[in-house]
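Notes for the structure review
The residues making up each chain are set out below.
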Amino acid sequence: MSTENEGTAVPPAPSAPPVPVDAPAASAPRAQAPQGPYGQDAQGQAPHGQSASGDAGHPGVSSSAPDPSWPPPPPPTAPYGDGGSGSGSGGWGSSYQQPAPKSGRGRGGLVAAILVAALVAGGMGGGIGYVLAKDNDESTGSTTVSASANGGDVKRDPGTTAGVAAKALPSTVTIEAESTSGEGGTGTGFVFDKQGHIVTNNHVVADAVDGGKLTATFPSGKKYDAEVVGHAQGYDVAVIKLKDAPSDLKPLTLGDSDKVAVGDSTIAIGAPFGLSDTVTTGIISAKNRPVASSDGSGSQASYMSALQTDASINPGNSGGPLLDARGNVIGINSAIQSTGNGGFGTGQSGSIGLGFAIPINQAKYVAQELIKNGKPVYAKIGASVSLDDTAGGAQISKQGAGGAATPVEPGGPAAKAGLKPGDVITKLDDRVIDSGPTLIGEIWTHQPGDKVTITYERDGKQHTVDVTLGSRVGDN
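Residues numbered from 1 in each chain as written. Predicted model: local features only at pLDDT ≥ 70, side-chain atom pairs only at ≥ 80, totals over all residues. Heavy atoms only, no water.

As annotated in an unreviewed UniProt entry, the protein chain is Protease from Streptomyces variegatus.

Listed below in structure tokens is the structure:
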């Protein structure tokens, strides 16, 4: 099988979820700045930050203005694994050229409004990893020294990395997804409940959604056929179910990603380059990192306010659990920032210590909705915002996007709160909003019906208003 999405470009990420069909239309660009329906339809624009390449499963994305329909048309962007550099157009129905980098003031040179993360598929890694391991094992001329038998038993306490890995590994699986045409890749997943539901990334199983083949293999070697229960492109979360699931499944314990602190220890489990059941360690490097990523098809993007970790994450780690020091799942490994050169001749880049995971609090909600209804549910505010990162916030477009007459959805959450075209949103609750793309990542950390406090500027004056988030069902 070829590596999933290998060598493909990632579409620009919209700054906010598109609006329902009757939502705002593509507004005339303000100073040529792209605009997109924000929070309207559950599909959002790419988050801000810097360019990044992807997870254990797919290539990087750049931002673009959304359009009322999903998915967005494929836009040209930076090649897979190039670290997300390069401009991209398209996405959400209108062309978007990523703003040229400004002088590196205040951001260490990383000034792009969107953290573009490539999702690195692991389809070809298995064979390569096997060859590398095999070559090492067959080295000759070495002398082995055995440990003394009277050295006493090695004790591995539950709180050690070895102890956590020993408990968590039996509840992780290596997923192989293959389309009807034979294309596919490798990823990871973990046991969500005793009924046989496995949580993973959408981009891991995307090839098998329409009549393809899906299998899940446990560390014990037991392999099960599986089927997709539901998938959310925007969140990059999917749930599959094992056929003839065993009765002794042990779901991993879910932690609280809201309580994670920078510096906390992390443990990642996955199948990098096809090397199943690999365990790596690191720390939480940052929180609330806006990230846009793609399934690599060039037509669909996902957005997250991610946990950043330096635990080694490579192609094949996608969908695997990110654990805390006690073995609780705090995130789903999903994307990496990496250098431009692919590793081991695959054309894919490897880890440089910048990995991103979907917070488990968000992923849990999405997974439960997928199991219950088979479709994702997205929060929305119902307004179009500019993707330009020079406004000092997320500016509500002055004209509609995608053919709509107004950038503020009539009767939508933003309209009810009194927000108007031209308003610049600078904070959502206590989170600073520096661009349209940043806003989407924050909106999607919430659920429909949540009440949020929005701070905005109008005519040079600052205002605060409460907004009750609306909802949209499905990716289309």
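Let's talk about the overall build of the protein chain
From N to C terminus, the protein chain includes 6 helices and 22 strands. Per-residue burial for the protein chain yields a buried fraction of 58% across its 476 residues. Once local pairs closer than 6 in sequence are excluded, the contacts in the protein chain between residues at least 24 apart make up 74%. (Helix = DSSP H or I, 4+ residues; strand = E, 2+ residues; numbered from the N terminus. Buried < 20%, exposed > 50% of the residue type's maximum accessible area, 1.4 Å probe, protein only. Contact = heavy atoms within 4.5 Å.)

Side note on the side chain of Arg 472
Along the polypeptide, Arg 472 turns up in strand β22 (residues 470-473). For Arg 472, the side chain forms a polar contact with the main-chain oxygen of Gly 474, separated by 2.8 Å. (Polar contact = N/O pair within 3.5 Å; in protein donor to acceptor, adjacent residues only side chain to side chain.)

Brief notes about the sheet that holds strand β4 (residues 184-191)
Pairing is antiparallel around the closed barrel formed by 6 strands, whose spatial order is β3-β4-β5-β8-β7-β6. Each strand of the sheet is rotated relative to its neighbour by a mean of 40°, with strand direction disregarded. Sheet topology places strand β6 (residues 213-217) next to strand β7 (residues 223-232); 3 bridges connect them, and they run antiparallel. Residue Ala 216 lies in a different strand from β7, and its bridge partner there is Tyr 224. (Pairing = 2+ DSSP bridges. Axes fitted to C-alpha atoms, helices over the stretch in contact; angles between N-to-C directions.)

A closer look at the pairing of strand β5 (residues 197-200)
Residues His 197 and Val 199 line one face of β5 and the alternating positions Ile 198 and Thr 200 line the opposite face, and both faces are buried. Pairing of β4 with β5 involves 2 bridges; the strand directions are antiparallel. Bridge pairing in β5 links Val 191 to Ile 198. As judged from the 4 bridges shared by β5 and strand β8 (residues 237-242), these two strands associate in the antiparallel manner. Residue His 197 lies in a different strand from β8, and its bridge partner there is Lys 241.

What about the environment of Val 377?
Relative to the assigned elements, Val 377 resides in strand β15 (residues 377-380). When the C-alpha positions of Val 377 and Val 366 are compared, they lie 7.3 Å apart, and in sequence the two are 11 residues distant. Once you skip the residues sitting within four places of it in the chain, Val 377 turns out to touch Tyr 235, Tyr 365, Glu 369, Pro 448, Ser 471, Arg 472 and Val 473.

Here we look at the pairing of strand β21 (residues 461-468)
One ladder, built from 8 bridges, connects strand β20 (residues 451-458) with β21; its direction is antiparallel. In the sheet register, Lys 451 faces β21, and the bridge partner there is Thr 468. Between β20 and the antiparallel strand that follows it, β21, lie 2 residues; Asp 459 among them carries a positive phi value of about 55°.

Some thoughts on the nonpolar core
Core analysis: the biggest nonpolar cluster contains 56 residues, and Tyr 235, Leu 323, Leu 439, Ile 443 and Ile 454 have the highest contact counts within it. Looking at which element gives the most residues to this core, the answer is helix α4 (residues 360-373), with 6 residues. Grouped together as the second largest cluster of nonpolar side chains are 17 residues, Ala 177, Ile 198, Val 204 and Leu 214 included. (Core = buried A, V, L, I, M, F, W, Y, C linked by side-chain atoms within 4.5 Å.)

Side note on the pattern of salt bridges
Overall, the coordinates contain 3 salt bridges when judged by the stated rule. A salt bridge links Glu 409 to Lys 380, with the nearest nitrogen and oxygen atoms 3.2 Å apart. Of this pair, Glu 409 sits in the loop between β17 (394-395) and α5 (413-416) while Lys 380 sits in strand β15, and the two are 29 residues apart along the sequence. Classification of Lys 380 by relative accessible area gives buried; the value is 8%. Ionic pairing is found between Glu 442 and Arg 431, a salt bridge with its closest N-O pair at 2.8 Å. Within this pair, whereas Glu 442 is found in helix α6 (residues 436-443), its partner Arg 431 is found in strand β19 (residues 431-432), the two being separated by 11 residues in sequence. Residue classification places Glu 442 among the buried residues on the basis of a relative accessible area of 5%. (Salt bridge = Lys/Arg side-chain N within 4 Å of Asp/Glu carboxyl O.)

Regarding unusual backbone geometry
Here Asp 236, not a glycine, exhibits a phi torsion of approximately 60°, which is positive. Of note, Asp 236 is situated in the loop between β7 and β8. Even without being a glycine, Asn 288 presents a positive backbone phi close to 55°. For Asn 288, the location among the structural elements is in strand β10 (residues 278-294).

Some points on the layout of surface pockets
If you add up the space inside the largest pocket, you get close to 430 Å³. Among the elements of the structure, β10, β11 (301-309) and α4 are those that each provide at least two residues to the lining of the largest pocket. Broken down by element, the residue count for the lining of the largest pocket peaks at 4 residues, all from α4. The class makeup of the residues in the lining of the largest pocket is 7 nonpolar, 8 polar and 7 charged. Mapped onto the domain boundaries, the lining of the largest pocket takes at least three residues apiece from domain 2 (257-293 + 301-337 + 351-369) and domain 3 (377-473). (1 Å grid on protein atoms, 1.4 Å probe; cavity = no way out; pocket = protein on both sides within 12 Å on 5 of 7 lines; lining within 4 Å. Points joined across faces, edges and corners; volume = space filled by probe spheres on them. Nonpolar A, V, L, I, M, F, W, Y, C, P; charged D, E, K, R; others polar. Domains from an automatic or database assignment.)

So, α6
Buried residues dominate α6, accounting for 8 of its 8 residues. Listed as buried for α6 are Gly 436, Pro 437, Thr 438, Leu 439, Ile 440, Gly 441, Glu 442 and Ile 443.

What about the environment of Phe 192?
By secondary structure assignment, the location of Phe 192 is in the loop between β4 and β5. Put simply, Phe 192 and Thr 253 are 61 residues apart on the chain and 8.5 Å apart in space, counted from C-alpha to C-alpha. Residues in contact with Phe 192, not counting those within four places in the same chain, are His 197, Ile 198, Val 199, Pro 251, Leu 254, Lys 364, Ala 367, Gln 368 and Ile 371.

Some remarks on the packing of aromatic side chains
A complete count under the given rule lists 5 aromatic pairs for this structure. Between Phe 218 and Tyr 224, the aromatic rings sit 5.8 Å apart at their centres with planes inclined by 85°, giving edge-to-face as the arrangement. A relative accessible area of 8% places Phe 218 in the buried class. Overall, the relative accessible area of 14% leaves Tyr 224 in the buried class. Relative to Trp 444, the ring of Tyr 303 has its centre 5.7 Å away and its plane inclined at 55°; by these criteria the two rings are tilted. Of the two residues, Tyr 303 is situated in strand β11 and Trp 444 in the loop between α6 and β20; the sequence distance between them amounts to 141 residues. Here the two residues Tyr 303 and Trp 444 agree in accessibility, since each one is buried. Feature note: the residues Tyr 235, Tyr 303, Tyr 378 and Trp 444 constitute an aromatic cluster, connected by ring pairs. (Phe/Tyr/Trp six-rings, centres within 6.5 Å; stacked < 30°, edge-to-face > 60°.)

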